[in-house]
Amino acid sequence: MHYKPVKNSLSMTTPALHQKPVYETINGREKKTFRNVCVRKGYFKEKGGGEVVVGGVKIITKTITYTCRFSKQLEATDRLIIYGKQYEITNVEDVEMRHYYAVCELKYLGAGA
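Residues numbered from 1 in each chain as written. Predicted model: local features only at pLDDT ≥ 70, side-chain atom pairs only at ≥ 80, totals over all residues. Heavy atoms only, no water.

## Quick notes on the overall build of the protein
Next up, step 1: When its secondary structure is counted, the protein shows zero helices and six strands.
Next up, step 2: When the helices and strands of the protein are placed in sequence order, the string is β-β-β-β-β-β.
Next up, step 3: When each of the 113 residues of the protein is scored for burial, the buried share is 29%.
Next up, step 4: Look at the contacts in the protein between residues 6 or more apart in sequence, and 51% of them connect residues 24 or more apart.
Next up, step 5: Accessible surface, the protein: about 7700 Å² in total, of which carbon and sulfur atoms supply 50%. (Helix = DSSP H or I, 4+ residues; strand = E, 2+ residues; numbered from the N terminus. Buried < 20%, exposed > 50% of the residue type's maximum accessible area, 1.4 Å probe, protein only. Contact = heavy atoms within 4.5 Å. Areas by Shrake-Rupley, 256 points an atom, 1.4 Å probe, with all protein chains shown as cover.)

Set out below in structure tokens:
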């Protein structure tokens, strides 16, 4: 039986801008910037999260899964921008090792009020 995360690929409608990190050495220090790779379409699902106060600032953490077509370009060091928010990819799973679907675990870190 094949894994089907959604009923059909037409429900993969959430666009995400895929970015890869680029490291530059400026004055002896490494600076991390991101370059755009492509726009992916997938299925976005929030699993919940929590709040932590660090140094008087409330930090909101959320755990999200993003299911899309598999690509060898997806890595755990990349990030996705979905609806203007930046999400770090923490894990990429090639479902059933078939190179058809990829389930990315994302992490959102944002400061709250």
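## With respect to the nonpolar core
Most often, soluble globular proteins have nonpolar side chains that are buried together.
Next up, step 1: Counting residues in hydrophobic clusters, the biggest one holds 13 residues, and the most contacted among them are Tyr66, Leu80, Ile82 and Leu106.
Next up, step 2: Broken down by secondary-structure element, the contributors of at least two residues to this core are strand S3 (57–69), strand S4 (79–82), strand S5 (85–94) and strand S6 (101–111).
Next up, step 3: At four residues, S6 tops the list of elements feeding residues into this core.
Next up, step 4: For leucine 106, the contacting residues outside a window of four places in its chain are Lys62, Thr63, Ile64, Tyr66, Leu80, Ile82, Tyr87, Glu88, Ile89 and Thr90. (Core = buried A, V, L, I, M, F, W, Y, C linked by side-chain atoms within 4.5 Å.)

## Focus on the packing of aromatic side chains
Next up, step 1: Evaluated as defined, the whole model comprises three aromatic pairs.
Next up, step 2: Look at tyrosine 87 and tyrosine 108: their rings are 5.4 Å apart centre to centre, the planes differ by 50 degrees, and that puts the pair in the tilted class. With tyrosine 87 in strand S5 and tyrosine 108 in strand S6, this pair connects stretches of sequence that are 21 residues apart. There is no split in this pair, since tyrosine 87 and tyrosine 108 are both buried.
Next up, step 3: On the numbers, 4.8 Å between centres and 85 degrees between planes, the contact of tyrosine 100 with tyrosine 101 is edge-to-face. (Phe/Tyr/Trp six-rings, centres within 6.5 Å; stacked < 30°, edge-to-face > 60°.)

## Topic: the pairing of S4
Next up, step 1: Of the two faces of S4, both are covered, the one formed by Arg79 and Ile81 as well as the one formed by Leu80 and Ile82.
Next up, step 2: The sheet contact formed by strand S1 (residues 14–26) and S4 spans three bridges and is antiparallel. Counterpart to glutamine 19 in the pairing with S4 is arginine 79.
Next up, step 3: Relative to S5, S4 runs antiparallel, the two sharing four bridges. Note on S5: the bridge partner recorded for isoleucine 81 is glutamine 86.
Next up, step 4: Between S4 and S5, which pair antiparallel one after the other, the connecting turn spans two residues, and tyrosine 83 there sits at a positive phi close to 50 degrees. (Pairing = 2+ DSSP bridges.)

## Remarks on unusual backbone geometry
Next up, step 1: Phi at asparagine 27 is positive, roughly 55 degrees, even though this residue is not glycine.
Next up, step 2: Relative to the elements of secondary structure, asparagine 27 occurs in the loop between S1 and strand S2 (29–54).
Next up, step 3: A relative accessible area of 79% places asparagine 27 in the exposed class.
Next up, step 4: Although it is not a glycine, histidine 99 adopts a positive phi angle of roughly 55 degrees.
Next up, step 5: Summarising the element assignment, histidine 99 is placed in the loop between S5 and S6.

Treat this as a map of the structure, not an account of what it does.
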